[in-house]
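# Breakdown of the fold
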Amino acid sequence: MFGKRIVKYHINKEMKKIFSPAYRQDYVEGYSIGLNPFQQFYSGKKNEAFITGFNSGRSDYESMNGYVSDGIPKRIVTDKVLEDFLIAGLLGLPIDAEGYTSYQINMIEKWYQSGIEKYDPNQSNALFKILEKNGILIKEVF
């Protein structure tokens, strides 16, 4: 019973930090620097929020692009890039994987495959007709 109170107190204390505007601002700043592979952790800010944000951002970057210590790829994979590949799979469009590392291609392949599994040619044709009606032409490259 005593252990449950300690855990509950710790969780409540940590959650209060997250709702603090100052903590959130430092966290987001650290996160954005962590997402950028060209930036190293700088020692200007060393508070807990910044460090936690940096570590979280770097972890997210490395989960999509591989470890920074292995080198920075020519093309960077982001959530937006992965969503674009998912949509390409949904529409049955060919993709260009030029310039991505094998680690990145494995990640991209999962998202594209997920889109292909949900591919419906009738929906794609309907979408292409709507786009064409609005002056947007989709060029098929095979």
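## Some remarks on the overall build of the protein
Helix and strand content of the protein: 6 helices and 0 strands. When the helices and strands of the protein are listed from N to C terminus, the series reads α-α-α-α-α-α. By residue count, 25% of the 142 residues in the protein fall in the buried class. Relative to all contacts within the protein whose residues are 6 or more apart in sequence, the contacts with residues 24 or more apart total 51%.

## Notes on the packing of aromatic side chains
Going through the model one piece at a time under the given rule, you end up with 2 aromatic pairs. Pairing tyrosine 27 with tyrosine 31 gives two aromatic rings, centres 6.3 Å apart and planes at 20°, and the pair type is stacked. Separated by 4 residues within a single helix, tyrosine 27 and tyrosine 31 lie in helix α2 (residues 21-35), roughly one turn from each other. Their ring planes at 75° and their centres at 6.0 Å tell us that phenylalanine 85 and tyrosine 100 sit as a pair that is edge-to-face. Taken together, the residues phenylalanine 85 in helix α4 (residues 79-91) and tyrosine 100 in the loop between α4 and α5 (102-117) connect sequence positions 15 residues apart. A single burial state applies to phenylalanine 85 and to tyrosine 100, both of which are buried.

## Details of the pattern of salt bridges
By the definition in use, this model includes 2 salt bridges. Between arginine 75 and aspartate 96 there is a salt bridge, and its shortest N-O distance comes to 3.8 Å. Placement of the pair is arginine 75 in the loop between α3 (48-65) and α4 and aspartate 96 in the loop between α4 and α5, with a sequence separation of 21 residues. Accessibility expressed as a relative area gives 32% for arginine 75, which makes it partly exposed. When its relative accessible area of 48% is taken as the criterion, aspartate 96 is described as partly exposed. With its nearest N and O atoms 2.8 Å apart, the salt bridge here joins lysine 80 to aspartate 84.

## Thoughts on the packing of α2 against α3
Between α2 and α3, whose axes approach to 6 Å, the crossing angle comes to 35°. Regarding α2 and α3, the two cross each other, and that crossing is right-handed. Residue-level contacts link Tyr23, Asp26, Tyr27, Glu29, Gly30, Tyr31, Ile33, Gly34 and Leu35 of α2 to Ala49, Phe50, Thr52, Gly53, Phe54, Ser56, Gly57, Arg58, Asp60 and Tyr61 of α3. The residue inventory of the contact of α2 with α3, partitioned by class, reads 9 nonpolar, 6 polar and 4 charged.

## Thoughts on the side chain of glutamine 104
With respect to the secondary-structure elements, glutamine 104 resides in helix α5. Overall, the relative accessible area of 0% leaves glutamine 104 in the buried class. With sequence-adjacent residues up to four places away left out, glutamine 104 is seen in contact with Met64, Asn65, Pro73, Arg75, Ile76, Val77 and Gly99.

## Remarks on the packing of α3 against α5
Two elements in contact, α3 and α5, have axes whose closest approach is 7 Å; the angle formed by their N-to-C orientations is 90°. Considered as vectors, α3 and α5 are oriented roughly perpendicular to each other. Each of Glu62, Ser63, Met64 and Asn65 in α3 lies in contact with α5, whose residues at this interface are Tyr103, Gln104 and Met107. In terms of residue class, the contact of α3 with α5 is built from 3 nonpolar, 3 polar and 1 charged.

Conventions adopted
- Residues numbered from 1 in each chain as written.
- Predicted model: local features only at pLDDT ≥ 70, side-chain atom pairs only at ≥ 80, totals over all residues.
- Heavy atoms only, no water.
- Helix = DSSP H or I, 4+ residues; strand = E, 2+ residues; numbered from the N terminus.
- Buried < 20%, exposed > 50% of the residue type's maximum accessible area, 1.4 Å probe, protein only.
- Contact = heavy atoms within 4.5 Å.
- Phe/Tyr/Trp six-rings, centres within 6.5 Å; stacked < 30°, edge-to-face > 60°.
- Salt bridge = Lys/Arg side-chain N within 4 Å of Asp/Glu carboxyl O.
- Axes fitted to C-alpha atoms, helices over the stretch in contact; angles between N-to-C directions.
- Left-handed = near helix turned anticlockwise from the far one by under 90°.
- Nonpolar A, V, L, I, M, F, W, Y, C, P; charged D, E, K, R; others polar.
- Parallel < 35°, antiparallel > 145°, perpendicular 65-115°, else oblique.

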